[in-house]
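# Examination of the molecular architecture
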Amino acid sequence: ANTVVQTGYSLVDGGSPVAGGGAWTLIGSQAITNSTSVTQTGLTSTYDTYAILLSDLLFDTNNDAMDIRLGDSGGIDSGGTDYQHCSTNIGSDDSTDVVFSDGDSKMRLLNNIQDTTAAGVAAIIYLHAPTDGVTWPHITFQATGNYGDKVRSSSGAGARKAVIAVDRVNIICYYDNGIISGRMSVYGIKHT
């Protein structure tokens, strides 16, 4: 009756029927258990953008904070004034605070994290121009977590204040007691 419905198809060679670019390639995924930090190495010039996914992170100290640092073949950079960052934290209770620094030892992702089992943290962080770029390596991010029974959202950006060949990322918590559990996965994003 002049109506055609296609319910599926496959290619003769078994390849993907989806054309185009932007594919994500898993670089590494790590479970986090009772640690103050987690590091993923293996970033290369193959990708100009990386996505860092944090899921289901639980912290064991009230009012903790989560930060990110970058590193190269010499290790994680934690120099006292090596980073710039700015972010806005907004709570479901209409609270707002702005976090910024023109010279810091890390880039702040989220403030005021609660330590209850129902209050976790999740984030997506994009790292731009990490390895062979001619500009400072920059991050942009969106993070969420709970403070008590209130949800908090943080969005912002940061940069390492020098051109370096970033080959690793490091997520850290502010207090030494650490991250009880969670996962970090890092993907390289192709442009074509």
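The following refers to the structure shown. (Residues numbered from 1 in each chain as written. Predicted model: local features only at pLDDT ≥ 70, side-chain atom pairs only at ≥ 80, totals over all residues. Heavy atoms only, no water.)

## Concerning the overall build of the chain
Scanning the chain from N- to C-terminus turns up 0 helices and 13 strands. Taking all contacts inside the chain whose residues are at least 6 apart in sequence as the whole, residues at least 24 apart take part in 73%. Accessible surface for the chain amounts to roughly 9700 Å². Of this, 50% is attributable to carbon and sulfur atoms. (Helix = DSSP H or I, 4+ residues; strand = E, 2+ residues; numbered from the N terminus. Contact = heavy atoms within 4.5 Å. Areas by Shrake-Rupley, 256 points an atom, 1.4 Å probe, with all protein chains shown as cover.)

## Some details on the pairing of strand β11 (residues 150-160)
As defined by bridge partners, strand β6 (residues 83-91) adjoins β11 across 9 bridges and the pair is classed as antiparallel. Directly across from N89, in β11, lies its bridge partner S154. Looking at chain direction, strand β10 (residues 138-147) and β11 are connected through 10 bridges and run antiparallel. Among the inter-strand pairings, I139 is bridged to a residue of β11, identified as G158. Counting the residues between successive antiparallel strands, the hairpin from β10 to β11 contains 2 residues, one of them, G148, with a positive phi of roughly 65°. (Pairing = 2+ DSSP bridges.)

## Some thoughts on the nonpolar core
Core analysis: the largest hydrophobic core is formed by 32 residues, its most contacted members being I52, L54, M66, I125, L127 and I171. Elements supplying a minimum of two residues to this core: β3 (49-59), β4 (64-72), β8 (107-113), β9 (121-128), β10, β12 (168-173) and β13 (179-189). The element best represented in this core is β3, accounting for 5 residues. The contacts of I125, once residues within four sequence positions are left out, are Y50, A51, I52, L54, I68, L109, I139, T140, F141 and I171. (Core = buried A, V, L, I, M, F, W, Y, C linked by side-chain atoms within 4.5 Å. Buried < 20%, exposed > 50% of the residue type's maximum accessible area, 1.4 Å probe, protein only.)

## Focus: the sheet that holds β3
In space, the 8 strands of this open sheet follow the order β1-β13-β3-β9-β10-β11-β6-β7, with antiparallel pairing throughout. Whereas interior strands pair on both sides, the edge strands pair on one side only; in this sheet they are β1 (24-35) and β7 (96-104). Taken over all neighbouring pairs, the strand axes of this sheet differ in orientation by 15° on average, direction set aside. (Axes fitted to C-alpha atoms, helices over the stretch in contact; angles between N-to-C directions.)

## Notes on the environment of S73
Relative to the elements of secondary structure, S73 occurs in the loop between β4 and β5 (75-76). Residue S73 is classed as exposed on the basis of its relative accessible area, which comes to 69%. Between the C-alpha atom of S73 and that of A165, which follows or precedes it by 92 residues, the distance is 8.0 Å. Setting aside its immediate chain neighbours within four residues, S73 contacts D167 and R168.

## Looking at the packing of aromatic side chains
Applying the stated rule across the entire model yields 2 aromatic pairs. Where W24 meets Y187, the ring centres are 5.5 Å apart and the plane angle is 50°; that geometry is what we call tilted. Residue W24 is found in strand β1, and its partner Y187 is found in strand β13; the two are separated by 163 residues along the sequence. Ring plane angle 80° and centroid distance 5.7 Å describe the contact between Y47 and Y50, whose orientation is recorded as edge-to-face. (Phe/Tyr/Trp six-rings, centres within 6.5 Å; stacked < 30°, edge-to-face > 60°.)

Keep in mind these numbers describe shape, not what the thing actually does.
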